[in-house]
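# Analysis of the macromolecular model
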Amino acid sequence: MTKEFASVLNRSISAHRLSLEPLVAAHADFLFCSLCDERIYRWIDAGGPKDLNQLRTKWKRKESRLSPGGDEVWLNWAIRLGKEGSYIGQLDACLDSPSRATNVGFVFFPEYWGHGYATESLLAVKAVLVENGISFMRATVATQNIASGRVLEKVGFIPGNLVTDEIDTREFILTMPKGHNQQPNKAMHRTP
C-alpha cells in the first residue's frame, strides 16, 4: 500500500453536523483532557492516556498513515462539531489490505453520547472507504457495550463471532457486495 492511497482515505471529511480531521500530534492538546475521562473506558480494556507528551508522540508516529513495513494503513480522525466547534471524539481504522479495514473503532466524550454523532461520523467514513474500494470492515465491541453495538448495526455492520478474552467482545462485520459503488483505483493500491 502506498502513502498516496493512505492520504486519499485519511482526508478531511464533512458530515451533516460534523467535521472529521485527519488526526495529527497537535490534536493531543485539544483531546487529551477529555480522553482522560474514566467513563469512556468502561468497556475498553486499554485505559486513557497518561501523559500529554506521550500522546503527542504516539499520534506523531501515525501521521505517516503507513506502518513502518508499509503493510498497514492507519486511518485516524479527530471529530468536531461543525468546522470550528468543540472536539467531541475520534474514529480510527486499520487497513491490512487495499480492500479490508480492521479494527474500526470510535471514542466519543460522554457529554456527546446519545446524539447520533457516532453514527453520523461512522457513516461518513464508511462512504469514503467504500468509494475507494474497501469492501470489508471489522469492528469489535465489548458485549456489554450495547450502545456501540447499535451504532455499528445502524451503519450496516452485522454482529458476528463472540471473542472471549480479558473482556468478552463481539465481532461486527460489514461486507460490501462485489461491484459495490466504485471500483478501486488500482494505481493507488500498488505496493513498492
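How each quantity is defined
Residues numbered from 1 in each chain as written. Predicted model: local features only at pLDDT ≥ 70, side-chain atom pairs only at ≥ 80, totals over all residues. Heavy atoms only, no water. Helix = DSSP H or I, 4+ residues; strand = E, 2+ residues; numbered from the N terminus. Buried < 20%, exposed > 50% of the residue type's maximum accessible area, 1.4 Å probe, protein only. Pairing = 2+ DSSP bridges. Contact = heavy atoms within 4.5 Å. Core = buried A, V, L, I, M, F, W, Y, C linked by side-chain atoms within 4.5 Å.

### With respect to unusual backbone geometry
The phi torsion at R65 lies on the positive side, around 70 degrees, for a residue other than glycine. Residue placement: R65 occurs in the loop between α3 (52-61) and β3 (73-81). Judged by its relative accessible area of 6%, R65 is buried.

### What to know about the pairing of strand β2 (residues 18-22)
Burial analysis of β2 places four of its five residues in the buried class, the great majority of the element. As judged from the two bridges shared by strand β1 (residues 13-14) and β2, these two strands associate in the antiparallel manner. Across the sheet, the residue bridging to I13 is L20, located in β2. Counted along the chain from β1 to the antiparallel partner β2, the turn is three residues long. The pairing of β2 with β3 spans five bridges and is antiparallel.

### Comments concerning the side chain of T102
Within the element layout of this structure, T102 appears in strand β5 (residues 100-108). On the basis of relative accessibility, which here comes to 9%, the residue T102 falls in the buried class. The contacts of T102, once residues within four sequence positions are left out, are A93, C94, D96 and R138.

### Let's talk about the nonpolar core
L95, L122, M137 and F157 are the most contacted members of the largest nonpolar core, which has 53 residues in total. In terms of residue count, helix α4 (residues 117-131) provides more of this core than any other element does, eight residues in total. Apart from residues lying up to four places away in sequence, L95 is in contact with M1, F5, L9, D71, E72, V73, L75, R100, A101 and I134.

Function cannot be inferred from these measures alone, as they are strictly geometric.
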